[in-house]
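# Chain and residue survey
Each chain is listed here by its residues.
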Amino acid sequence: MSTERLVAAGRRVLNLEADAVRAAAAGLGPEFARAVTLLKESTGRVIVTGVGKSGLVARKIAATLTSTGTPAMWLHPVDSLHGDLGVVSPRDVAIVLSKSGETDELAGLLGALQRLGTPIIALTGGKASTLARAATVVLDAGVGEEACPYDLAPTASTTVALAVGDALAVALLEEKGFAPDDFARLHPGGQLGRRLLLRV
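Here, residues in each chain are numbered from 1, in the same order as that chain's written sequence. For this predicted model, a pLDDT threshold of at least 70 governs which residues receive local features, and a threshold of 80 or more governs which side-chain atom pairs are given and counted, while totals over whole chains, interfaces and linings are taken from all residues. For the side-chain quantities, the full set of heavy atoms in the structure was used; hydrogens and water were omitted.

### Description of the layout of surface pockets
This is how it is decided: The way it works is a 1 Å grid over only the protein atoms, where trapped points that fit a 1.4 Å probe form a cavity and open points with protein on both sides within 12 Å along at least five of seven lines form a pocket, and then any residue with an atom within 4 Å of a point lines it. Grid points are joined across faces, edges and corners, and a volume is the space filled by probe spheres set on the points. Numbering of helices and strands runs from the N terminus; a helix is a DSSP stretch of H or I covering at least four residues, while a strand is a stretch of E covering at least two.
Considering only enclosed or pocket space, the largest pocket measures out at about 210 Å³ in volume. Lining the largest pocket are 17 residues, with Ser 54, Ser 98, Lys 99, Ser 100 and Ser 157 positioned closest to its centre. Elements with a minimum of two residues in the lining of the largest pocket: α3 (53-67), β3 (93-98), β4 (120-124) and α7 (156-176). In terms of residue count, the dominant contributor to the lining of the largest pocket is α7 (three residues). Reported here for the second largest pocket is a volume of approximately 170 Å³. Lining the second largest pocket we find 13 residues, and of these Ala 24, Gly 27, Leu 28, Leu 139 and Asp 140 sit closest to its centre. At the level of elements, α1 (3-27), α2 (30-41) and β5 (137-140) are the ones that each hand at least two residues to the lining of the second largest pocket.

### Some points on α1
Condition: Working rule for helices: expected span equals 1.5 Å times residues minus one. Throughout this description, buried means an accessible area under 20% of the type-specific maximum (1.4 Å probe, protein chains only), exposed means over 50%, and partly exposed covers the range between. Whether two residues touch is decided by their heavy atoms; if any such pair falls within 4.5 Å, the residues are in contact.
Between its first and last C-alpha, α1 extends 36 Å over 25 residues, near the 36 Å set by a 1.5 Å rise per residue. All of the buried residues in α1 are Leu 16, Glu 17, Ala 20 and Ala 24. Those residues of α1 that are buried are in contact with α7.

### Notes on the sheet that holds strand β1 (residues 46-50)
Basically, it comes down to this: We treat two strands as partners when DSSP finds at least two bridges between them. Here an angle of 0 to 180 degrees is reported between the N-to-C directions of two axes, which are lines fitted to C-alpha atoms, with helices fitted over the stretch in contact.
Across the sheet, five strands lie side by side as β2-β1-β3-β4-β5; this open sheet has parallel pairing. A single partner strand is all that each edge strand has here, and the edge strands are β2 (72-74) and β5. For this sheet the average axis-to-axis angle between neighbouring strands, irrespective of direction, equals 20°. Where β1 lies against β2, three bridges are found, and the strand directions are parallel. Across the sheet, residue Val 48 finds its bridge partner in β2, namely Trp 74. The strands touched by α3 are β1, β2, β3 and β4; relative to β1, the strand with the most contacts, the crossing angle is about 160°.

### Topic: the pattern of salt bridges
Heads up, the condition is: Here, a salt bridge means any side-chain nitrogen of Lys or Arg that lies within 4 Å of a carboxyl oxygen of Asp or Glu.
Applying the stated rule across the entire model yields six salt bridges. As a salt-bridge pair, Lys 40 and Glu 175 come within 3.4 Å of each other at their nearest N and O atoms. Here Lys 40, found in helix α2, pairs with Glu 175, found in helix α7; they are 135 residues apart in sequence, far enough to count as distant. Across the pair Asp 140 and Lys 127 runs a salt bridge, and its minimum N-O distance is 3.7 Å. Taken as a pair, Asp 140 in strand β5 and Lys 127 in the loop between β4 and α6 (130-134) lie far apart in primary sequence, 13 residues in all. On the accessibility criterion, Asp 140 (38% relative accessible area) is partly exposed. Residue class for Lys 127 comes out exposed when judged on its relative accessible area of 58%.

Below is the structure:
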């Protein structure tokens, strides 16, 4: 591939993913506010889960929530059925990510969350899926196409899921009144910590 074609391929991906995020932003509605309220009113932790690439995005969402004042943890859906379910309680809220909403490995965990009475926020493109039917709140993370030229590799869909997760975390920190002083207490290390401690 020539330099021009490589740059064009990169731009196509970035433009396609940017368009997907803009579409997700335009589609946000009352369900988003309901999800933020559910997270704010929880007296437990936020349990974030997903399989494959969705699982990797789920880990980042859990990390962002934790670093902005909302205790959260990532839970592997398969390990949850082999003892790790012990970390989940009815006081928690679960955020479950799945592009299709039909991921086989999530089925057992969804049933367990329902039996526990743990509210579920679904981030999925499958608005009529098994996951969506099990959820308390459904946030649409669907995309028209992946950036992969074969429309196969999760690319635009994972970007949208990540962006919606960031939107939840930021709206939640604003709703909770999480301030720079709070941020400084949770980030004492590194360049960010030094900069914040100088301000406080």
